[in-house]
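# Architecture at a glance
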Amino acid sequence: MFVPLLVIKNAFRHKLRTALTMVGIVVAITAFGLLRTIVDAWYAGANASSSARLVTRSSVSLVFSLPLTYAQKIRQVPGVQSVSWANWFGGVYISERNFFPQFAVDAPTYLDMFPEFILSPDERKAFFTDRMGAIVGRKLAEQYGWKVGDQIPLRGTIYTGTWTFNLRGIYDGADKGTDQSTMFFHWALLNETIKKLYPRRGDQTGVFMVQLRDPAQAAEVSAAIDAMFKNSLAETLTETEKAFQLSFVAMTEAILLAIQAVSFVVIVIIMAVMANTMAMTARERGAEYATLKTLGFSNGFVAMLIFAESIGIALLGGLAGVALTVPLARAFAEQMGSLFPIFFVSEETVLLQLGAAGLVGLIAAAFPAWRTARVSIVDGLRAVG
Amino acid sequence: MTIPFSYILRNVAARRLTTALTAGGMALVVYVFATVLMLAAGLERTLVATGQDDNVVVIRRASQSEVQSGVDRVQAGIVESLPDIAVGRDGQKLISKEPVVLINLPKRDSNKPSNVVIRGVTPNGLVLRPQATLIEGRMFRPGTAEIIAGRSIASGFQGAGVGETLRFASRDWTVVGVFDAGRTGFDSEIWGDAEQMLQAFRRLAFSALVFKLADTERFDAVKKEIESDPRLTLEAKRETRFYADQSAMLSKFISYLGTSISVIFSIGAIIGAMITMYASVASRTAEIGTLRALGFPRTSILVAFLVEALTLGLIGGVVGLVAASFMQALSISTMNFQTFAELAFTFTLTPGIVVASLAFALAMGFIGGFLPAARAARMKIVDALRAA
């Protein structure tokens, strides 16, 4: 009982200094957690992807579309269960700042292939029967205050003109990793309009989504699909949904690496602050520690006192930081809106935060503990704080 | 009566470990702060320098970027007939009608694919962009499957160096030259013959028109003429403005993220300075008492401790800036969200950033040192002397 009490008394002897150090740790651990969560959000699309789905796109780049006739051919490839298609729309809702993704999809096959988008049977029916109909995710609907039956005007950037959609349903995600900030509408509507405006560009789509019978066959099926269209006017590139999503992450990798590096820098900064606190504390108590040693306590015991105090302060700050991260992340997600559709603090982040706090405490105490243990009793008693 | 500066300096030097840790923490914060500002400045410089002020870019209305735009030959002809377009040495109008597409290429170091801009240019297009000069190989010959690559692309992407070939649009294209566009956005592009590109990508329409104004003051009139013509569904922008708009989102993202990170980090560093200065005051209570007894007024004590904190901040600021200045050797290549294409830019240290970083460091020292200095100045002589 004596030892923990001594550590606590020691830790709070300089109340102001301990409080300041702790505030520093809380800020650092919170910042670390938020930055990790931003990095997680970047990978969210890839993590939510299914291993049983492939994406087929033009081998040149996503800017080029593929003829719709490919759907029939892909369906005949052994191992393929079903095929659907989607087209990026790129519309602007009121102003460029309100960005959210919109896809023109072949609704019945698409919703069957993505069971994680949960829509009530009534809304589903209403969506299918209205050719101007659209569905949006719950988060998106809440962000703009849309209700079923509302009209949503979008200004086309790729397909000119103003497009007005009727909101026929609001979907929920199967779990919190599902994107609930996307809008889907009927590809048929887009195709009709394109055919009227530019007859040559009709019956085309951006990507095909391919559902596999067995996820283990992903490699063979993608190779078979790409081989089929080799040397055609529109060669394809087929990859798993995860690889497709990760290719977007890879394009902004430089930014991602910077954020990751910065999240470690904040830990190093707070380590310097904490190490400073512990060095000062140990220096001031040189005479006390020498007294303890005179009484017969070992060098290890004195070092342990310093370590316990340092790690205790760091972990207490770390816990407060973790507690603060969750509400802050929620506030941040609300501010960013649909830029980060999936934004939550993962368990791994919390563990990393606590680990980082413990590490800060451990390293901060190392040098003072080593020095105190090494100083001879006589020198220690002679020292003046 | 003021306390000599050398006395303050000796105090800073007296406890080396503490000084090093405190200044080190500040140095890291200043480093992050300066790096982010340098990145935003580099991005801005790259894209502003990409445009020429007397050049005008014409794209389809509301299409935002060249890649999403489409301008058919009829509309291009109407624009070409405008009288305000400058005339070149050969008597031809200085207008370039360009197809612009994105292709997916793997990077040299990571093998991960990214989107690269391919631009079909005409001889006029090269005249319109005097900043681009060949640094290796030769120009592509019109009418052949030859291309030239921007410096960042040639070094960053597989198959884009001189003598190598790239396969896209069912053809093999030979890279015959590398051009340096003076660290502008064109460094991240591949150029080839416009008519060849149209055929290869089976396009009937150009993506963008670029022309030089005979009189740069006439821009507003030309813009009005293009945008009010009922036969045209186009919009015109000055080239400088066009490229600045294209990076608005990315540069905003970088500066927002960077500023909020710097502010959060600075809290940690300020706390570090505060702890150090409080300890400095506490361990020198008797000394402060003596100084007061010798006749130094309260303000001198306050100033002395503030100067000590500012010195700590300045050391941190200088160290952080020196470390950040080494970042100028690096270049960052990432996707621009708005154009969906790869863009390379460098960290650029401007005098403004130097001033801002040092001011930031001094502010951290001042905020961290003010409360402890005030405590030192408030001490009563008798109490302070007794504390020893």
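These notes cover the structure that comes with them. Not measured: the values here are computed from a predicted model. (Residues numbered from 1 in each chain as written. Chains lettered and ligands numbered in written order. Predicted model: local features only at pLDDT ≥ 70, side-chain atom pairs only at ≥ 80, totals over all residues. Heavy atoms only, no water.)

Before going further, it helps to examine the nonpolar core. Counting 109 residues, the largest nonpolar core has A:W42, A:I259, A:I267, B:I254, B:F265, B:F345 and B:M364 as its most contacted members. Per-element accounting of this core gives the leading share, 18 residues, to helix α10 (residues 253-284) of chain A. Beyond its immediate sequence surroundings of up to four residues, B:M364 is in contact with B:M26, B:V29, B:V30, B:S266, B:A269 and B:I270. In terms of nonpolar packing, the next biggest core, distinct from the first, is built from 42 residues, A:A71, A:V77, A:I152 and A:M183 among them. (Core = buried A, V, L, I, M, F, W, Y, C linked by side-chain atoms within 4.5 Å. Buried < 20%, exposed > 50% of the residue type's maximum accessible area, 1.4 Å probe, protein only. Helix = DSSP H or I, 4+ residues; strand = E, 2+ residues; numbered from the N terminus. Contact = heavy atoms within 4.5 Å.)

It is worth spelling out the side chain of A:R17 at this point. Looking at where A:R17 falls in the secondary structure, it is placed in helix α2 (residues 15-47). On the basis of relative accessible area, A:R17 is assigned to the buried category, the value being 9%. Of the polar contacts made by the side chain of A:R17, one reaches the side chain of A:T281; its length is 3.4 Å. When near neighbours in sequence (up to four residues on either side) are disregarded, A:R17 contacts A:T277, A:M280, A:T281, A:E284, B:I275 and B:A279. (Polar contact = N/O pair within 3.5 Å; in protein donor to acceptor, adjacent residues only side chain to side chain.)

Here we come to the sheet that holds strand β2 (residues 95-98) of chain B. Residue and element names in this part refer to chain B. Spatial strand order, β2-β10-β1-β11: four strands in an open sheet with antiparallel pairing. Every other strand in the sheet has two partners, leaving β2 and β11 (234-238) as the edge strands with one partner each. If you compare each strand with its neighbour and ignore which way they point, the axes differ by 20 degrees on average. Relative to strand β10 (residues 208-212), strand β1 (residues 55-60) is paired through four bridges, and the arrangement is antiparallel. Bridge pairing in β10 places V56 opposite F211. The strands that helix α3 (residues 73-80) touches are β2, β10 and β11; relative to β2, the one it contacts most, it runs at about 170 degrees. The sheet contacts of helix α7 (residues 219-228) involve β1, β10 and β11, and relative to β11 the element is tilted by about 165 degrees. (Pairing = 2+ DSSP bridges. Axes fitted to C-alpha atoms, helices over the stretch in contact; angles between N-to-C directions.)

In this complex, chain A contributes 54 residues to the contact, which on the side of chain B involves 54 residues. Taking both partners together, chain A and chain B bury about 4,500 Å²; carbon and sulfur atoms supply 71% of that area. Contact with chain B buries surface across chain A, with A:L20, A:M251 and A:I269 losing the most and accounting together for 14% of the total. For the pair chain A and chain B, the interface holds one salt bridge. We note a salt bridge from B:K112 to A:E253, for which the minimum N-O separation is 2.8 Å. The interface formed by chain A and chain B includes 14 residue pairs in polar contact (both at pLDDT 80 or more). Listing elements by their share of the side of chain A that touches chain B, those giving two or more residues are α2, β8 (151-156), α9 (241-251) and α10 of chain A. Of all the elements, α10(A) adds the most residues to the side of chain A that touches chain B, at 17 residues. Partitioning the side of chain A that touches chain B into residue classes produces 34 nonpolar, twelve polar and eight charged. (Buried area = accessible area lost by both parts, 1.4 Å probe. Salt bridge = Lys/Arg side-chain N within 4 Å of Asp/Glu carboxyl O. Nonpolar A, V, L, I, M, F, W, Y, C, P; charged D, E, K, R; others polar.)

Looking now at the layout of surface pockets. Its volume calculated, the second largest pocket comes out at about 1,000 Å³. Together, 43 residues line the second largest pocket, and A:A254, B:S331, B:I332, B:S333 and B:F347 are the ones closest to its centre. Going through the elements one at a time, α10 of chain A together with α2 (16-50), α5 (151-156), α9 (248-283), β12 (331-336) and β13 (341-346) of chain B are the ones with two or more residues in the lining of the second largest pocket. Broken down by element, the residue count for the lining of the second largest pocket peaks at nine residues, all from α10(A). A breakdown of the residues in the lining of the second largest pocket according to their chemical character gives 23 nonpolar, twelve polar and eight charged. (1 Å grid on protein atoms, 1.4 Å probe; cavity = no way out; pocket = protein on both sides within 12 Å on 5 of 7 lines; lining within 4 Å. Points joined across faces, edges and corners; volume = space filled by probe spheres on them.)

Residues and elements named next belong to chain A. Structurally, A282 is set in helix α10. Exposure remark for A282: the relative accessible area of 8% places this residue in the buried category. With sequence-adjacent residues up to four places away left out, A282 is seen in contact with Y289, I306, P368 and T372.

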